[in-house]
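# Commentary on secondary and tertiary structure
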Amino acid sequence: MWDDETRYAVIRGKDARYDGQFVTAVRTTGIYCRPSCPARTPARANVTFYPSAAAAQRAGFRSCRRCFPDDAPGSPRWKVGEDVASRAVRLIDDGVVEREGVAGLARRLGYTERHVSRVLVDELGASPQALAIAHRLHHARTLLETTALPVADVAFAAGFGSVRQFNDAARTAWALTPSEVRRRAGGTASSGPTTLELRLRHRAPAAVGRTLAFVGVRAVAGAETWDGRTYARTMRLPHGSGTVALEAADGHVRARLALADVRDLGAAVARCRRLLDLDADPAAVDEALAASSLLAPLVAAVPGLRVPGAVDPFEMVVRAIVGQQVSVAGARRTLGTMVERFGGVLSVPGEASGADSGVPSVPAGVGRVFPSPEALADVDPASGLVPQARWRAISAAARAILDGSLDLGPGADRAEARAALLAIPGIGPWTAEYVALRALGDPDAFPAGDLVLQKAAGLDARALAASAEAWRPWRAYAAMHLWTAVTEGRIP
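Just so you know, these numbers come straight off a predicted model, no measurement behind them.

For the rest of this paragraph, the subject is the sheet that holds strand β6 (residues 224-226). Reading across the sheet, the 5 strands line up as β5-β9-β8-β7-β6 and stay open at both edges, with antiparallel pairing between neighbours. Each edge of the open sheet is held by one strand with a lone partner, namely β5 (196-201) and β6. In this sheet, adjacent strand axes meet at a mean angle of 25° when their direction is disregarded. Both β5 and strand β9 (residues 252-259) contribute to a ladder of 6 bridges, which runs antiparallel. Looking at the pairing, R199 lines up with R254 of β9.

Within this structure, the stated rule accounts for 0 disulfides. Cysteine C37 shares no disulfide, and the gap to the nearest cysteine sulfur, in C67, comes to 3.7 Å. For C37, a relative accessible area of 6% puts it in the buried group.

The description of two helices packed together rests on the angle between their axes and the distance between the axes. Relative to each other, helix α4 (residues 84-93) and helix α5 (residues 96-109) sit at 155°, their axes nearing to 10 Å. As far as their axial angle goes, α5 and α4 are roughly antiparallel. As for the relative orientation of α4 and α5, their crossing is right-handed in sense. Between α4 and α5, the residues in contact are V84, R87, A88, L91 and I92 and V96, V97, E98, L105, R108 and L109, respectively. Classifying every residue of the contact of α4 with α5 by side-chain character gives 8 nonpolar, no polar and 3 charged.

About the cut-offs
- Residues numbered from 1 in each chain as written.
- Predicted model: local features only at pLDDT ≥ 70, side-chain atom pairs only at ≥ 80, totals over all residues.
- Heavy atoms only, no water.
- Pairing = 2+ DSSP bridges.
- Helix = DSSP H or I, 4+ residues; strand = E, 2+ residues; numbered from the N terminus.
- Axes fitted to C-alpha atoms, helices over the stretch in contact; angles between N-to-C directions.
- Disulfide = S-S within 2.5 Å.
- Buried < 20%, exposed > 50% of the residue type's maximum accessible area, 1.4 Å probe, protein only.
- Parallel < 35°, antiparallel > 145°, perpendicular 65-115°, else oblique.
- Left-handed = near helix turned anticlockwise from the far one by under 90°.
- Contact = heavy atoms within 4.5 Å.
- Nonpolar A, V, L, I, M, F, W, Y, C, P; charged D, E, K, R; others polar.

What follows is the structure, encoded as structure tokens:
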């Protein structure tokens, strides 16, 4: 599909569904744009297409000040893929290069730095370092426009090694200095903690309200809250803890973040996007599933349904184990007690620097972080809460994550992760597939043994698995449609 003539047709139609999947660079202006940019469509002879903003920046183009292409939703190709480039992009989005360097990225992927660099240049037109710089610039712009942090603090928080390095990168990418970006946004610098108010963009259609409701009705007391509109929770991040409040809005999700360390902005945003599946390609998913006579009416009723992810993969393993053959309400009670007994205490300032606005930085009702692998690795199975076999499975999963034999992070090899999960006594196919669906973000994960799915489809496990072959590679979305239809009473 993706030849240059097709891309040019997309930008002529200013189709926002393809924002983030490529960028358009105009040689006569030196600017690159997202496909839906409202500016006049450039002549075909003046256009070059690049697979990423980083590739356009590397070629000497600067970001458009009308459409802000580096603020587009992420490409679904890198979300869905299981190749080295896709895994690398997910790790870069999570801030691994800022924390561990390119050597750390290569180590997590199991390849040499040279091989990873060659793959990314071939696939995205930019090296790991160039992609990381584009990542830093995106979050630096967010900090400049939405916080009062001094420019020097923004530079280090975004991952730059010096203010000079930040200034040089900003001039190259934006043709503006960081101070000019802030003045254009109407901001001024000051010191002190702040609450970050962000817009998380997504492609249309997007049934984000239903995704929030899915995670909201499963909210665990102490770590999460849900009031029917806003979902709030705590997060464990690389440099400390944080909280986020998420609410569906027109064309985006409104996010209010409070972080113990602003260096965690990139990781926090990436995890929120994974939680709500904001980088999905709903047009491709809906078109494929609508070909099924069973799923077509469900897709028509809820176009753009997303698959809820997870901000903490280990948390999702614990939830899946606790939820085995237990009601949602029962699992919530057990998990709430677990958070109270083993969870960490939140370490985020209680009020924003703009406290006179009356907006607290920490949502009411959350004060503890979900238990870490360290906290649950050696729990006595006889301590209660869940049957001893499940405690042993939870502790074994915690130890596997700590010793590295189980990787559920954004760059994990999904096949290896499934095998490692199934090697843990007490974790069977249903649990492994549910974890793959939510923690690994595998769009093709499908727990065919789920009784609700079998009832919704009117098939037993074997027949359902066979029928679901026609839904590849979007079986996780098919599962969500079936679960949602049962929950809403559209399937009795």
